[in-house]
Amino acid sequence: MAEFIVRHVIHILRSRIQYTIILPYLALIVLVLLVGSGIAITLVAGSWQERFNNQLGQIARRLAEELALREISSIAYLGQIVYTAANADTGTPSVIEAMTLRDTDGLAVAVGGLWTLGQINEKVSPDRLIIFDETGATLLDWESSPTSGEPVQYASTNVAGLLPIEEVLRAEQTPSGTNDVLGTPYSGLIAFRRPDGSDVVHFFTVAPVYTRAGEGEIARLLGGVFIAQRLDHILMTLQARSQADVIAILANDGAVLVTTTPTNTQPALRLKPAQIETLVAMNEQGNCLDIGLLSGETATAVQSMTLLSCSLLTTVRLDEQEYQLVYAPFLIRGLQYGYFAVGLSRDVLLSVWAGSRNVVIGITVVLVVMSVLVGYGVARRITHPIDELVAVADAVSAGDFAQRSNVRDENELGRLALAVNQMTSILLHLYETSRQLNQERRVEVVLQIAITSAVDLVPGIEAIALLPGPAGWNFRLRPAAPLPYATLTRYRWTALPPQEDRLTATIETVCAEHGIVGLLTVPLRRDRQMVGMLIFAHTEQGLSAAVLPHIQAIADMTAVTLVNAIEYELAQHESERQRAILAAIDDGVIVTDADGRIILLNTAAERLLQPIVPVHGELLLRDLPPEIRVSHSELFGRADRVIAVGKRFLTVRKTPMRQSNGDVVGEVMVLHDNTNAVRLDRAKTDVIATIAQELRFSLTDVRDYFNLLQRTSHQFDAEQLRALGNVQQRLFDIINLVNNMALLAQLEAGQIKVHLQATELAQLVETTISPLRTVFTERGVQITLALPLDLPMVMADRELLQHALYQVLDNARRYVTQGRVLISAGVEGNDIWLSMSDTGPAIPTDVAGLLFTQFQRHDNSSQRSGELGLPIARHLLELQGGSINVRSTPGQGCTFTIRLRRVEE
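Given the structure is predicted, the values throughout are model-derived calculations rather than measurements.

About the cut-offs
- For every chain, the first residue of its written sequence is number 1, and the numbers climb from 1 along that sequence.
- Totals for whole chains, interfaces and linings use all residues, but because this is a predicted model, local features are given only for residues with pLDDT of at least 70 and pairs of side-chain atoms are given and counted only at 80 or more.
- The basis for every side-chain value is the complete set of non-hydrogen atoms in the structure, without hydrogens or water.
- Each helix is a run of DSSP H or I of at least 4 residues and each strand a run of E of at least 2, with the numbering of both proceeding from the N terminus.
- To sort residues, take the accessible area from a 1.4 Å probe on protein chains only and compare it with the maximum for the residue type: under 20% means buried, over 50% means exposed, and anything in between is partly exposed.
- Note on areas: these come from Shrake-Rupley sampling with a 1.4 Å probe, and a residue is covered only by the protein chains present in the view.
- The rule for pairing is simple: two strands pair if DSSP sees at least two bridges between them.
- Inter-axis angles, ranging from 0 to 180 degrees, are taken between N-to-C directions of lines fitted to C-alpha atoms, where helices are fitted over the stretch in contact.
- The salt bridge definition used is simple: a Lys or Arg side-chain nitrogen within 4 Å of an Asp or Glu carboxyl oxygen.
- pLDDT runs from 0 to 100 and stands for how confident the predictor is about each residue.
- Two residues form a contact once any of their heavy atoms are found within 4.5 Å.
- Side-chain atoms within 4.5 Å are what join buried Ala, Val, Leu, Ile, Met, Phe, Trp, Tyr and Cys residues into a set we call a nonpolar core.
- With respect to orientation, any angle under 35 degrees is reported as roughly parallel, any angle over 145 as roughly antiparallel, any angle of 65 to 115 as roughly perpendicular, and every other angle as oblique.
- In this scheme, a crossing is called left-handed if the near helix is turned counterclockwise away from the far one by less than a right angle; it is called right-handed if the turn is clockwise.
- Charged means Asp, Glu, Lys or Arg here, nonpolar means Ala, Val, Leu, Ile, Met, Phe, Trp, Tyr, Cys or Pro, and polar covers whatever is left, Gly included.
- A 3.5 Å cut-off defines polar contacts: any pair of N or O atoms within that distance qualifies, except that in protein one atom must be a possible hydrogen donor and the other a possible acceptor, and neighbouring residues in sequence count only when both atoms are side-chain atoms.
- In this description, one arc is meant: the one made by directions from the helix axis to the C-beta atoms.
- Aromatic contacts are taken between Phe, Tyr and Trp rings whose centres are within 6.5 Å, Trp giving its six-membered ring; a plane angle under 30 degrees counts as stacked, one over 60 as edge-to-face, and the others as tilted.

On a plain count of helices and strands, the protein chain comes out with 22 helices and 27 strands. Relative to its 905 residues, the protein chain shows a buried fraction of 41%. Summing over all exposed atoms, the protein chain offers an accessible surface of approximately 49200 Å²; the carbon and sulfur share of this is 56%.

To continue, consider the sheet that holds strand β9 (residues 312–318). Taken in spatial order, the five strands make up an open sheet running β8-β7-β11-β10-β9, and their pairing is antiparallel. Here the strands that pair on one side only, and so sit at the sheet edges, are β8 (256–259) and β9. With strand direction ignored, the average angle separating the axes of adjacent strands in the sheet is 30°. Taken together, the five bridges between strand β7 (residues 246–250) and strand β11 (residues 335–345) define a ladder with antiparallel strand orientation.

Following the criterion strictly, the structure yields 15 salt bridges and no others. R597 is the partner of D593 in a salt bridge, and the nearest nitrogen-oxygen pair spans 3.2 Å. Residue D593 is classed as buried on the basis of its relative accessible area, which comes to 17%. Note on R597: relative accessible area 32%, which makes it partly exposed. Between E766 and R773 there is a salt bridge, with the nearest N and O atoms lying 3.4 Å from each other. On the basis of relative accessible area, R773 is assigned to the partly exposed category, the value being 29%. Because the salt bridges share partners, they merge into one network encompassing R102, D133 and E134.

This brings us to the confidence of the model for the protein chain. On average, residues of the protein chain carry a pLDDT of 75, and 73% of them reach 70 or more. Taken together, the stretch residues 627–640 has pLDDT below 50 and engages in 35 contacts with residues farther than four places along the chain or on a different chain. In this model, residues 858–862 is a region of pLDDT below 50 whose contacts with residues beyond four sequence positions or in other chains number five contacts.

Turning to the sheet that holds strand β24 (residues 819–828), a few remarks are in order. Ordered in space as β22-β24-β25-β27-β26, the five strands form an open sheet in which the pairing is mixed. Each edge of the open sheet is held by one strand with a lone partner, namely β22 (781–786) and β26 (883–889). Pairs of neighbouring strands in the sheet enclose a mean axial angle of 15°, with direction left out of account. Along the sheet, helix α20 (residues 798–815) contacts β24, β25 (831–838), β26 and β27 (893–901); its crossing angle with β25, the most-contacted strand, is approximately 25°.

Moving on, we get to unusual backbone geometry. Its identity is not glycine, yet R102 carries a phi of approximately 55°, on the positive side. Mapped onto the secondary structure, R102 falls in the loop between α3 (95–101) and α4 (104–120). Its identity as a non-glycine residue notwithstanding, D319 has a phi of 55°, on the positive side.

Turning our eyes to something else, we now look at helix α22 (residues 869–879). Burial analysis of α22 places nine of its eleven residues in the buried class, the great majority of the element. Count one or two residues on from α22 and you reach G881, which has phi positive near 80°.

In this structure, L761, L801, L805, I823, L834, L851 and F896 are the most contacted members of the largest nonpolar core, which totals 44 residues. For this core, the element with the highest residue contribution is α20, accounting for eight residues. For L761, the contacting residues outside a window of four places in its chain are L791, V794, L801, I832 and L834.

At a minimum axis distance of 9 Å, the contact between α20 and α22 shows a crossing angle of 150°. Comparing the axis directions of α20 and α22 gives the class roughly antiparallel. In terms of crossing hand, the pair formed by α20 and α22 is left-handed. On the side of α20, the interface is formed by L800, L801, H803, A804, Q807, V808 and N811, while α22 contributes G869, L870, I872, A873, L876 and L877. Looking at the contact of α20 with α22, its residues break down into nine nonpolar, four polar and no charged.

Mapped onto the secondary structure, D593 falls in strand β16 (residues 588–593). Only 2.8 Å separates the side chain of D593 from the backbone nitrogen of R597, close enough to count as a polar contact. Among all residues touching D593, those that are not within four sequence positions of it are I599, V665 and G666.

Here we come to helix α6 (residues 231–241). Where α6 is concerned, the buried positions are L231, I234, L235, L238 and Q239. All buried residues of α6 lie within an arc of 130° about the axis, which places them on one face of the element.

Per the counting criterion, the structure on display carries three aromatic pairs. Between W115 and W142, the ring centres sit 5.7 Å apart and the planes meet at 85°, which makes this aromatic pair edge-to-face. Taken together, the positions of W115 in helix α4 and W142 in strand β2 (residues 138–143) put the pair 27 residues apart, joining distant regions of the chain. For the residue pair W115 and W142, the accessibility class agrees, reading buried in each case.

Turning to the environment of A604, a few remarks are in order. Along the chain, A604 falls in helix α15 (residues 603–609). For A604, a relative accessible area of 6% puts it in the buried group. Those residues within four positions of A604 in sequence are excluded, and the remaining contacts are I585, D586, D587 and G588.

Relative orientation of the contacting elements helix α18 (residues 761–769) and α20 amounts to 55°, with a least axis distance of 10 Å. With respect to α20, the element α18 is oriented oblique. For the element pair α18 and α20, the recorded crossing hand is right-handed. Of the residues in α20, those in contact with L761, Q763, L764, V765, T767, T768 and I769 of α18 are R798, L801, Q802, L805, Y806 and L809. Partitioned by chemical class, the residues of the contact of α18 with α20 number eight nonpolar, four polar and one charged.

So, in C-alpha cells, the structure goes:
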C-alpha cells in the first residue's frame, strides 16, 4: 500500500507542469537557505573548533617542551654526580675516586646528598640511580622508597646486557635522525620488572664516567651513571601542571605504555595501523596537515598546527565521554621511541555548537515555509493556461485531431495556443513521414516514402535524386516512376558545375526537354561538400505558395535521409574494396574495436594463427596467443620484437585507431612471419658460443705456457721483459674478448638469470676498480672517487652489476692514456646515477647513438669504439631495470652515466 501511494505521488508530480516550475524554485530556495544556515553553523562551529584546536596544540607543544627540559635537567644532574669532589673534613671521596677504588661505601656517602636534592627537584626526581663499572657490574643501585626518604638498595646486579649500557661502555656517540651525533649521554625508555611480575616503564638518562687525565695522559673509562624516573609519575606531574585531561605514551606499534586515564580506556587510546601509516608518511614527506580525521568517528575541521613533528588529530570516547586527542611522535634526542597523546574533553565545544545550530535551524524552517506559500501562488498563475494546452496535446496524441485550445489570453501563452491549433495536423503528417524515412537506408525506398507523403498535398508530384555512381553522375528514381521521369536515367555526367545555381539551371534544362515543370531542388551536402541534388517535379503544374513550405519540409527530411543512404552505399563499397585488398596481403592483419572484439581477420592472419583461432563464435582479443617469449637479436644488428606461436616466430606491430578527436576506437595489428630469420640468428649464436668455448680451452693452454715462461723471466734483458709484458697484455685482452663473446651468446640465448637484491653501490665500485688501479697508475692516470657517504642502496644483481661496471672501466683502460678518471654518484628522484668521466678521446656524434647496440671500431685509433664491452654492459643493466648513456665533448673526454633503481625503505 505504501509503495502504491509513493508511486501515485511521483506520478502526480511528474504529470503537472506547475510542480515542474514550483519544485525547482522551492528546491533552489531551500538549497540557498540550507547553504546559508550551513555556512552560519560552520562559521560558528569553526571558530570554536579553531580555539579548541589551538588550545590543544599549545598543550601538546608544552608537553614536548617539558619532556625535553626533563632530559636536559637529567643530563645536568648526572654531571653533578660525576663531578662531585672529595670532602677532606668528612673523609668522603669523590665519585671518580670511589669508582676507581670500587669503594661502594664511599660512593654511597658521596652521592647521598645529591640523591636527596634530586628528590625535591621535580624536573629530576629520580626513581632509580645506578652507578656501574666498565664491565657493567653495579657499584651502587638505589631505588626510591614510597614509604620512607631512604632509598632501597640492591646488591650484586649487573647491567651489562642492557643496550644503552653497552653503547656507553663502547663510548659510542648518541645518534640522531639526521645522522648527526648529540654527544655521549644516552636517553630513552626502559622497563624494570617489579617483584609482582609487572613492568614499569621509566625515562632514563645514562652517561659515561672517565678518569681525570693529566697532561699527556689518556682518560680511561671507569663506567657510567644511570638515572631513571617512572614514566607514570612524569605524566601525572605534567598533567597537574597543564590543562590536559588525557596524557598517554604509546609504543611504536600503537600500544599504550603509560596513561593518566584508567586502565579500561587503553584500547580506545591505541593507535590503529592505518593511523600509524599516515603519521609515518606525513613525517617522511615533511608537509604536515597536523589535524585530520582517520578514526572513522565524528569529523572535525582540518586545521594547520605547528608542533615539533607531524601530528594527527582525532576524537575518541572514554567512559562515555568524548575527547579530542593529538597524536605525535615521541622523540628523545632526535630518535622516535613511540608516540605521545594529549587530549581535552569536547563537552564545552559540543554544547556551544548545539545551541547555535538550533537557532539557525529555526530561522531556516520559517523562511522555507514562507517561500513555499509564495512560490505556489506564483506557479499557479503561470501553469493554469499551460494545463489547458497540455490537455489539447494529450487529446491529439490520443487520436482526437479535432481538439483545440480555448486559451484567449493576449500574452505569449495565447499566441502559443493559436499556433498549436494551426500546426497540429501538419506536424502529425510530417512526423509520420520522418519516422518512415529514418527506418530506411536504400535510395529507391527513400524516394518512394517521400512521394507517398507529398502526393497527399500535390497529386502527381515525383521525387528524383541526382547522385554519383560508378560511371558518373546520374538520376535515381523509384522503381514505379512514370515514363517521362524514367527516361531521365539515360543521362550521365562525368563532372557537374561547382556552383549550385548553375547545377540547378542544368537540371531544369534537361527536365524541360521531357515536359517536367514545377521544380523544387534541395542540395545534398556532406561535410559542406555537395554530393547530389533532390528534385521534386511535376509534369502539369507548379507548386503553389500554400503547400510550398510543407513540400519544403518533406524535401529537407528526405535530403538528410538520402545523405545517410549515400554514405551507407559508399561504406559498403569501401568495405568490399578493403576486404579484397587485405585478402591479397601476405602479412596477417587483425583489426579490433575498443572492447577487444576482432572485427577483421584476413586470410594470412588465420593461416599464421592456426590452429588457435576458433572456427565458430565471436573472436576476442584475449583469444589470441600470449607473448610466449621475447627475443632481442641485437648481435647481428637487428632489434625485432618476436613472439612464438606454435612452431612459428611472428613479428607483431600494433597501431591504435583514433578518431578525429583523439579517442581510441580500436587497434590494428600486423603479423609478419619471421621464422627463418629467428632460426638463422639462433644458428649464429650457437656458432659464436661454440667458437668461444673452443677458444677458452686453447687460451687456457697458452696462458699456462706463458706462466711457465714468466718463471724464467730473470734470464731476460729489459727489451725482452717489455715484449713479454706486451704479450701478457694482449693475452689478457684476447681472454677478455672470448669471455665477452661467450657472455653475449648467453644473453642472446636468454640464459642469464637475474637475482635482484639491495646492493651497496660504493663498496661494489671499490671492489670493481681495485684490480685496475695498478694499470691506471702505471699509465699516470689518476682515479678519483666522489661518492656520497649517505648514498642509498640500489636494487641490482651484484655479480651482473659488477661485470657491467668492469666493462665501462675496461673501456677507459683501453683508451685513457693520461689525465684522470672521475667516478661520482648521486640521487635523482627514485633513481641512483653513477657517472664515470675520463679524459680519453671523444666519441664521434654519428657513432654515439650506436655505441651500445652493435660492433663499433674505427680505422682512426684516436677515436674510441664500443667493441663488445659496452653492448654487454647496456644489456646487463637493462636486465636489472637500469640504463646507460654517454655524453662526449671534443677535447674534454667522455662521461658514461649509469642509472639504477634505489631501494625503497
